[in-house]
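Geometric and topological summary
What follows is the residue order along each chain.
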Amino acid sequence: MPLALPRPHRDDWRIAVGGLAGGVLLWALGIHPRLDGDGLVLWHAPWAPLVPLAMTAACEPVRRILPRTGLLIGTAALVLDTVTLGSIVTIVLYTDLMYAAVLYGTPADARRIPWVTGMLTVVAGVVPAALWRDPQGLLIGVGVGVVAFGPAATGVLVRDHRDAAEAARLRAEQTALLAEMDRTQAVTSERARVARELHDMVANHLSAIAIHSTAALSIDDPPTSREALTVIRENSVQGLAEMRRLIGILRDGSGDREPAASPTLDGLGALIDGARANGLEVTLDAGHGKVPAPVELAAYRIVQEALTNALKHASRGCVEVALRQTDGMLDISVTSPYRPGDTPRAPGAGHGLTGMRERSALLGGTFEAGPRDARWTVRATLPLTEGDSA
């Protein structure tokens, strides 16, 4: 199915109608660029100038959609106009067709037409002057330059400015799109960071509350229930305090820093004591030196979440926590007793493992978790150099 051509622009119709009306008016008034006795006038019919005028006016509506066709027909009309009394309007309309052919034509036409018209201008000026041995022959080249080369050169300039403006618009749109993508990515990353912090700070306390509340409800022993309620209260108070710190950071809007009083590896002893108070048997083997703050926070949170998972899922037995610093890396290992098929003592959705894996990936480290030799092993390796962190 052939492609339908777009409709001519209404301004082009106005140029065609206006040009035709103006040319007819000048013809009716007897205003012509040549006299009837001029040797160049070969077609002496009084209405002859109206033919090339009508041809050029008819080409105006297609100056945008078929610029090359309009220029070819207009060129034939201009040649025909030279053998009649002529019309100034025909010449003016032809210059517009030349300009439109460069501006709206193909890139190849935009390159060739100025070159061809420039050559014609030089030839039309030099050849007559050389043949007639009269400098007045150069005026022919000037006329060709005004009618052909001038409009073509103007079309090149306008086209270049139009292309530059379009390129600038596209760059602006791409910049805006990239900025929006960066903003969306930053918001998503910040939400993920807040989600990790919230989960790591609260999950441990809520898991302890769930386990001890279950014990208090299932065992009809006042001392045991009182001890469980004491643990529940301590975990509730600590969880609320940490949530208040995180909410304070969010309200303050300073998203470029971690929550106040960010935990460090020096606080692992208190973390282990809390795990023991919640009923876990834990050993700590910390053989590390000074580590960067981002690695320190990530290591603390990984150990904290691993102990939370051990509290919810591990069988009875000793939970071993070990940290080793070797070859610019910090190795973290948390192992706990594991028996397939055991029912978790507190509900979970698996977000803890996801958070530990994300923390390791953000620092350029590795993470793995799974059963090994009847024990559940959580192991993370974090680089200690700042350049390896994300």
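In case you missed it, the structure is sitting above this.
Please read these numbers as outputs of a predicted model, since none were measured by experiment. (Residues numbered from 1 in each chain as written. Predicted model: local features only at pLDDT ≥ 70, side-chain atom pairs only at ≥ 80, totals over all residues. Heavy atoms only, no water.)

1. Focus on the overall build of the protein
Heads up, the condition is: Runs of E in the DSSP output that reach at least two residues are strands. Runs of H or I that reach at least four are helices, and both are numbered from the N terminus. Think of it in three bands: residues with accessible area under 20% of the maximum for their type are buried, residues over 50% are exposed, and the middle band is partly exposed, with areas taken using a 1.4 Å probe on protein chains only. Any two residues having at least one pair of non-hydrogen atoms within 4.5 Å are treated as being in contact. The protein chains shown are the only cover counted for residues, whose accessible areas, like all others here, come from Shrake-Rupley with a 1.4 Å probe.
Each helix and strand in the protein was counted, giving ten helices and five strands. Expressed as a percentage of the 390 residues in the protein, the buried residues total 37%. Summarising the internal contacts of the protein: among those between residues at least 6 apart in sequence, 72% fall at separations of at least 24. Surface accessibility of the protein: about 22400 Å² in total, with carbon and sulfur atoms responsible for 64%.

2. Examining the environment of Val144
Relative to the helices and strands, Val144 is located in helix H6 (residues 138-218). Distance in space between the C-alpha atoms of Val144 and Gly125 is 8.4 Å, their sequence separation being 19 residues. Not counting residues up to four positions away in its chain, the partners in contact with Val144 are Leu120, Thr121, Ala124 and Phe149.

3. Thoughts on unusual backbone geometry
Despite not being glycine, Asp327 has its phi angle at roughly 50°, a positive value. Inspection of the secondary structure puts Asp327 in the loop between strand S2 (318-326) and strand S3 (329-337). On the basis of relative accessible area, Asp327 is assigned to the exposed category, the value being 80%.

4. Describing a nonpolar patch on the surface
Where we set the bar: Like-charged residues within 9 Å of one another, or nonpolar side chains (Val, Leu, Ile, Met, Phe, Trp, Tyr) within 5 Å, are grouped into patches, provided each residue has over 30% relative accessible area and no salt bridge. Whenever Lys or Arg places a side-chain nitrogen within 4 Å of a carboxyl oxygen from Asp or Glu, that contact is recorded as a salt bridge.
On the surface, Val123, Val127, Leu131, Trp132 and Ile140 cluster together to form a nonpolar patch covering roughly 510 Å² of accessible area. Position of Trp132 relative to the elements: it lies in helix H5 (residues 107-132).

5. A look at the sheet that holds strand S4 (residues 366-372)
The condition is simple: Between any two strands, at least two bridges found by DSSP are needed for them to pair. Structural elements are reduced to axes, namely lines fitted to C-alpha atoms, with helices fitted over the stretch in contact, and the angle between N-to-C directions of any two is expressed from 0 to 180 degrees.
Strand order in the open sheet formed by five strands is S1-S2-S3-S5-S4, with mixed pairing between adjacent strands. Looking at the sheet topology across the chains shown, the edges are occupied by strand S1 (281-287) and S4. Between one strand and the next, the sheet's axes are offset by a mean angle of 10°, whatever the strand orientation. Pairing analysis gives seven bridges linking S4 to strand S5 (residues 375-383), with the strands arranged antiparallel. Along S5, the bridge assignment pairs Pro371 with Trp376. Helix H8 (residues 268-277) contacts S1 and S2 of the sheet and is inclined by roughly 170° relative to S1. Lying over the sheet, helix H9 (residues 293-313) contacts S1, S2, S3 and S5, oriented at roughly 10° with respect to S3.

6. Considering the packing of aromatic side chains
Just so we agree on the cut-off: Centres within 6.5 Å are what make two rings of Phe, Tyr or Trp a pair, Trp counting through its six-membered ring; a difference in plane orientation under 30 degrees is then read as stacked, over 60 as edge-to-face, and the rest as tilted.
A full pass over the atoms with the stated rule returns one aromatic pair. Ring centres 5.4 Å apart and planes at 85° place the aromatic pair Trp43 and Trp47 in the edge-to-face group. Of the residues examined, Trp43 reaches a relative accessible area of 27% and is grouped as partly exposed.

7. Some details on the side chain of Glu296
Selection criterion: Working convention for charge: Lys and Arg count positive, Asp and Glu count negative, and His plus the chain ends are omitted. Contacts described as polar in this section are N or O atom pairs within 3.5 Å, which, within protein, must combine one atom able to donate a hydrogen with one able to accept it, while residues neighboring in sequence count only if both atoms come from side chains.
Its location among the elements puts Glu296 in helix H9. For the buried Glu296, no salt bridge is present, and the opposite-charge side chain at shortest range is Lys290, 6.0 Å distant. Here Leu265 takes part through its backbone nitrogen, which lies 3.2 Å from a polar atom of the side chain of Glu296. If we skip the residues at most four places from it in the chain, Glu296 touches Thr264, Leu265, Asp266 and Val291.

8. Quick word on H5
Keep this limit in mind: Helix span is expected to be 1.5 Å times the residue number reduced by one.
Counted at 1.5 Å a residue, the expected span for H5 with its 26 residues is 38 Å, and the 38 Å between its end C-alpha atoms agrees. Listed as buried for H5 are Ala108, Asp109, Ala110, Ile113, Pro114, Thr117, Gly118, Thr121, Ala124, Gly125, Pro128 and Ala129. Just downstream of H5 lies Arg133, where phi reads positive at about 55°.

9. What about the nonpolar core?
Rules: Among buried residues, the Ala, Val, Leu, Ile, Met, Phe, Trp, Tyr and Cys ones that are joined through side-chain atoms within 4.5 Å form a nonpolar core.
The biggest cluster of nonpolar side chains holds 32 residues, and the ones touching the most others in it are Val282, Val303, Leu307, Val321, Leu330 and Ile332. Looking at this core, the elements that each hand over two or more residues are H8, H9, S2, S3 and S5. Looking at which element gives the most residues to this core, the answer is H9, with ten residues. Counting residues in each nonpolar core, the second largest holds eleven residues, with Tyr94, Ala110, Ile113 and Ala152 among its members.

10. Some remarks on the packing of helix H2 (residues 50-59) against helix H3 (residues 67-81)
How we decide: For classification purposes, an angle smaller than 35 degrees is called roughly parallel, one larger than 145 roughly antiparallel, one from 65 to 115 roughly perpendicular, and anything else oblique. Take the far helix as your reference; a near helix turned counterclockwise from it by less than a right angle gives a left-handed crossing, and one turned clockwise gives a right-handed crossing. Gly counts as polar in this scheme, as do all residues outside two lists: the nonpolar Ala, Val, Leu, Ile, Met, Phe, Trp, Tyr, Cys and Pro, and the charged Asp, Glu, Lys and Arg.
Two elements in contact, H2 and H3, have axes separated by 8 Å at closest approach and are oriented at 165°. For the element pair H2 / H3, the angle class is roughly antiparallel. In the crossing of H2 with H3, the sense of the turn from one axis to the other is left-handed. Contacts from Val51, Pro52, Met55, Thr56 and Cys59 in H2 reach Gly70, Ile73, Gly74, Ala77, Leu80 and Asp81 in H3. Looking at the contact of H2 with H3, its residues break down into seven nonpolar, three polar and one charged.

11. Digging into the packing of H8 against H9
Between H8 and H9, whose axes approach to 11 Å, the crossing angle comes to 5°. In terms of their interaxial angle, H8 and H9 are classed as roughly parallel. Of the residues in H9, those in contact with Leu268, Leu271, Ile272 and Ala275 of H8 are Tyr300, Val303, Gln304 and Leu307. Tallied by class, the residues present in the contact of H8 with H9 amount to seven nonpolar, one polar and no charged.

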